[in-house]
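Fold and contact review
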Amino acid sequence: MLQVEIVVDELCAATQAWAAASHFHWGLWGLAQCNTSSIEFDYVLYAKQRLQQPVTKALHGAIQALHGATQGLHGAIQVANAPNGAIRVAKALHGAIQAHHGATQGLHGAMQVTKPVLDLDLE
């Protein structure tokens, strides 16, 4: 990987982390405003939407990883059908199965963490 690509990946990861922090900050602000503001606005809905943003993005990322791992499995199966592909397919399948397992665990973990937030009843 080129040095520039590494820096870009690091910046993207930092941006995503700070975006989640921003959503959390404004979600808490919305909760505080629902009890203190005299402005007619649905602060509870605003807070719920802001608190759910990072959760939704985490689930989306886990689903994309699972989709990529599944595509890797399909590719490995196609290699298996090629002549003299047994060793290559064994390695490809092993890697794809590990990726699929990791993505499934990530999705499961994201769902466990996010379910309370998605079901949040602030009213």
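In what follows, the structure referred to is the one given above.
In what follows, the accompanying structure is described. Bear in mind that the values here come from a model prediction, so they are computed numbers and not experimental data.

Rules and cut-offs
- Within any chain, residue numbers begin from 1 and follow the written order of that chain's sequence.
- Confidence filtering applies because this is a predicted model: local features only for residues at pLDDT of at least 70, side-chain atom pairs given and counted only at 80 or more, and all residues used for totals across whole chains, interfaces and linings.
- As a convention, hydrogens and water are excluded, and side-chain values are obtained from all of the structure's heavy atoms.
- Patch definition: residues with relative accessible area over 30% and no salt bridge; like charges joined within 9 Å; nonpolar side chains (Val, Leu, Ile, Met, Phe, Trp, Tyr) joined within 5 Å.
- Accessibility throughout is a Shrake-Rupley quantity obtained with a 1.4 Å probe, and a residue counts as covered only by protein chains that appear here.
- The salt bridge criterion pairs a side-chain nitrogen of Lys or Arg with a carboxyl oxygen of Asp or Glu, the two atoms within 4 Å.
- Numbering of helices and strands starts at the N terminus; helices are DSSP runs of H or I of at least 4 residues and strands are runs of E of at least 2.
- Buriedness of a pocket was judged along seven lines, with at least five required to meet protein on both sides within 12 Å; pockets are open sets of points on a 1 Å grid over the protein atoms alone, cavities are sets where a 1.4 Å probe fits but cannot get out, and lining residues have an atom within 4 Å of a point.
- Grid points are joined across faces, edges and corners, and a volume is the space filled by probe spheres set on the points.
- Following the grouping adopted for this structure description, the nonpolar residues are Ala, Val, Leu, Ile, Met, Phe, Trp, Tyr, Cys and Pro, the charged ones are Asp, Glu, Lys and Arg, and the polar ones are all others, Gly among them.
- Accessibility here uses a 1.4 Å probe with only protein chains present; expressed as a share of the type maximum, an area under 20% marks a residue as buried, one over 50% as exposed, and anything in between as partly exposed.
- The convention is simple: Lys and Arg are positive, Asp and Glu are negative, and His and the chain ends are not counted.
- Any pair of residues with heavy atoms lying within 4.5 Å of one another is described as a contacting pair.

Moving on: a nonpolar patch on the surface. A grouping of L2, V4 and V8 is seen on the molecular surface, where their side chains present a nonpolar patch of about 290 Å² in accessible area. Structurally, the position occupied by V8 is in helix α1 (residues 3-36).

So, on to the layout of surface pockets. Over the atoms rolls a probe the size of a water molecule, and its path tells where empty space is left. Of the volumes computed, that of the largest pocket is approximately 160 Å³. Sorting the residues of the lining of the largest pocket by element identifies α1 and α2 (43-80) as the ones contributing at least two each. When its residues are assigned to classes, the lining of the largest pocket shows four nonpolar, three polar and one charged.

Moving on to the side chain of R50. One can find R50 in helix α2. Despite its burial, R50 remains without a salt bridge, the nearest opposite charge being carried by D42 at 14 Å. Residue contacts for R50: discarding those within four places in its chain leaves S22, H23, W26 and G27.

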